[in-house]
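# Working through the structure, step by step
This is what each chain is made of:
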Amino acid sequence: MHCVSGKHSVMMVSFCQGALLLSLAAAMAVYADMKVDCGPDFVTLMWTESRPQADTSLLRLGNCFPTSFSAGEAYFYVDLTDCNFRRLVTGDALVYSNDLTYVASADSYNLAFTHPVVCAYDRPKDWYATIYDPVFKTYSLGDLQFNIGLMNDDFSGPAESTRFPLGSIIPIMARVVQETHQPLLLLLEECVAATTPELYPESTMYPIISNKGCLLESVSSRSKFEPRQKSSEIRLSLQTFTFAMGEEVFIHCKLLAWDPNGLDSTKKACHFVEGHGWELLDNLAQSNLCDCCESKCKSRRQRSVASEKHGMVHKAVIGPFTITDLNS
């Protein structure tokens, strides 16, 4: 069965695959239609937008970005264990709730909004709640778990080879595990290539990302940041370059987990798009944060030392891998 909600000026309740979908009206008038399926362990959501100037890439389901989007639609396909879904046990039901939000830019004509989405399921007879002790750790600032690695072409799994012909694309994905944290945005603050797993003062280095999140390689190649699937992940398509060809190469990166609403000229992910210039990955309307990529990016705010002490910054190494000549 397919669950469909109408215009958001009314409350809709429908049943889907044994699940109850509850969608409440927003406080403001939202000119859009929403279709939601509550699967056994996943949720799909289609948002159809009628406002001509609305940017569907700015929709978020919890901390997840749209799986795909176009000029008038945004589509989410997510697991109930992702996107900061909240779980509540009420009698014989398991209730999963989340918020669909629109993050409007400062100069946007379209106002920000939050729209609740809830799926309720019959509680399995053999299901017992996991005990969390204490509950308030849900928003703690303890240590975070970062990881980064080489991926296959569609980012669905690890790379099958560590040899990349010159001119080909190296898919790289980094993520931060934040099960007990408030939603965080993962950024690549700096990445350099070297021929050693450790960096030394005499090391020969090839800059890839510099100046607090500027993808330098995108200026003269097909390198780019890919659209986000989750705020806690970042995907990079890096075109191979003529550095240490035939040798083992390591990429040294500084990863930064940050408040999604705290972007500035030193907390960003920018890449160069031919014909458009520098663009901000997470909000095109704020691409002026990338203007400093041609000079020196400095923050107007004092650096948060306390955040770094809580593990918000992490250094990681990818590799080794080898860049090969096309004729080899």
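The protein appears in an unreviewed UniProt entry as ZP domain-containing protein from Champsocephalus gunnari.

### Side note on the sheet that holds strand 12 (residues 145–150)
Here 4 strands make up an open sheet; going across it, the order is 12-14-19-18 and the pairing antiparallel. In this open sheet, the two strands that pair with only one neighbour each are strand 12 and strand 18 (224–225). Where strand 14 (residues 169–177) lies against strand 19 (residues 233–239), 7 bridges are found, and the strand directions are antiparallel. The residue bridging I169 from the neighbouring strand is Q239, located in strand 19.

### Concerning the state of the cysteines
Each disulfide consists of a covalent bond between the sulfur atoms of two cysteine residues. Tallying each qualifying case throughout the model produces 6 disulfides. Across the disulfide from C214 sits C293; the S-S distance is 2.0 Å. Taking the torsion about the S-S bond as the criterion, the C214 to C293 disulfide, at about -85 degrees, is left-handed. Of this pair, C214 sits in strand 17 (residues 214–215) while C293 sits in the loop between strand 22 (277–280) and helix 1 (305–309); the two residues are 79 residues apart in sequence, bridging distant segments of the chain. For the pair shown, C214 and C293 are each scored as buried. Residue C270 pairs covalently with C290 via a disulfide, S to S 2.1 Å. Its S-S torsion of about -80 degrees marks the bond between C270 and C290 as left-handed, since a negative value means left-handed. In this pair, C270 is assigned in strand 21 (residues 270–273) and C290 in the loop between strand 22 and helix 1, connecting sequence segments 20 residues apart. We classify C270 as buried; its relative accessible area is 0%. Should the bonded cysteines of the protein be numbered as they appear in the sequence, the pairing reads 1-4, 2-3, 5-7, 6-11, 8-9, 10-12.

### Things to note about the nonpolar core
One recurring pattern in soluble globular proteins is that nonpolar side chains are buried together. Of all hydrophobic cores here, the largest spans 51 residues; its most connected members are I148, I172, L188, I208, F225, I251 and L255. Residue contributions to this core peak at 7 residues, all from strand 20 (residues 248–258). Beyond its immediate stretch of four places on either side in the chain, I251 contacts I172, C191, V192, A193, I208, L238, A316, V317, I318 and F321. Among the nonpolar cores identified, the runner-up in size contains 25 residues, and C38, L45, L80 and Y121 belong to it.

### A word on the sheet that holds strand 20
One open sheet accounts for 8 strands, arranged 13-23-20-15-16-17-21-22; its pairing is mixed. Taken across any chain shown, the strands that pair with only one partner, and hence form the sheet edges, are strand 13 (163–165) and strand 22. Strand direction decides the pairing type here: strand 15 (residues 185–194) and strand 20, joined by 9 bridges, are antiparallel. Across the sheet, L187 pairs through a bridge with L256, a residue of strand 20.

### Digging into unusual backbone geometry
Backbone torsion omega between G319 and P320 reads 10 degrees, so that peptide bond is classified as cis. Turning to its location among the elements, P320 is positioned in strand 23 (residues 313–324). For F155, which is not a glycine, the phi torsion comes out positive at approximately 65 degrees. Along the chain, F155 turns up in the loop between strand 12 and strand 13. One non-glycine residue, K212, adopts positive backbone phi at about 60 degrees. Counting through the fold element by element, K212 comes out in the loop between strand 16 (206–210) and strand 17. Take K212: its relative accessible area is 27%, and that puts it in the partly exposed class.

### With respect to the pattern of salt bridges
Within the structure shown, the criterion is met by 7 salt bridges. Linking K230 and D82 is a salt bridge whose minimum nitrogen-to-oxygen distance equals 2.9 Å. Here K230, found in the loop between strand 18 and strand 19, pairs with D82, found in the loop between strand 8 (73–79) and strand 9 (86–90); they are 148 residues apart in sequence, far enough to count as distant. Judged by relative accessible area, which is 21%, K230 ranks as partly exposed. In this structure, E233 and R235 form a salt bridge, with 3.9 Å as the shortest nitrogen-oxygen distance. Taken individually, E233 and R235 each receive the classification buried, so the pair is uniform in this respect.

The rules we used
Positions within a chain are numbered from 1, following the residues in the order the chain's sequence is written. It should be noted that, the model being predicted, local features are given only for residues of pLDDT at least 70 and side-chain atom pairs only at 80 or more, the latter also being counted only at that level, while totals for whole chains, interfaces and linings use all residues. Hydrogens and water are ignored here; the side-chain numbers use all heavy atoms of the structure. At least two DSSP bridges between two strands are needed for those strands to be called paired. Secondary structure counts use DSSP, requiring at least four H or I residues in a row for a helix and at least two E residues in a row for a strand, with both numbered from the N terminus. Note on terminology: disulfide denotes any pair of cysteine sulfur atoms within 2.5 Å. For the exposure calls, accessible area comes from a 1.4 Å probe over protein chains only, and a residue counts as buried if that area is under 20% of its type's maximum, exposed if over 50%, partly exposed in between. What we call a nonpolar core is a set of buried Ala, Val, Leu, Ile, Met, Phe, Trp, Tyr and Cys residues that are connected through their side-chain atoms within 4.5 Å. Throughout, a residue-residue contact means that at least one pair of heavy atoms, one from each residue, lies within 4.5 Å. Basic side-chain nitrogens of Lys or Arg form a salt bridge, by our definition, when they fall within 4 Å of a carboxyl oxygen of Asp or Glu.

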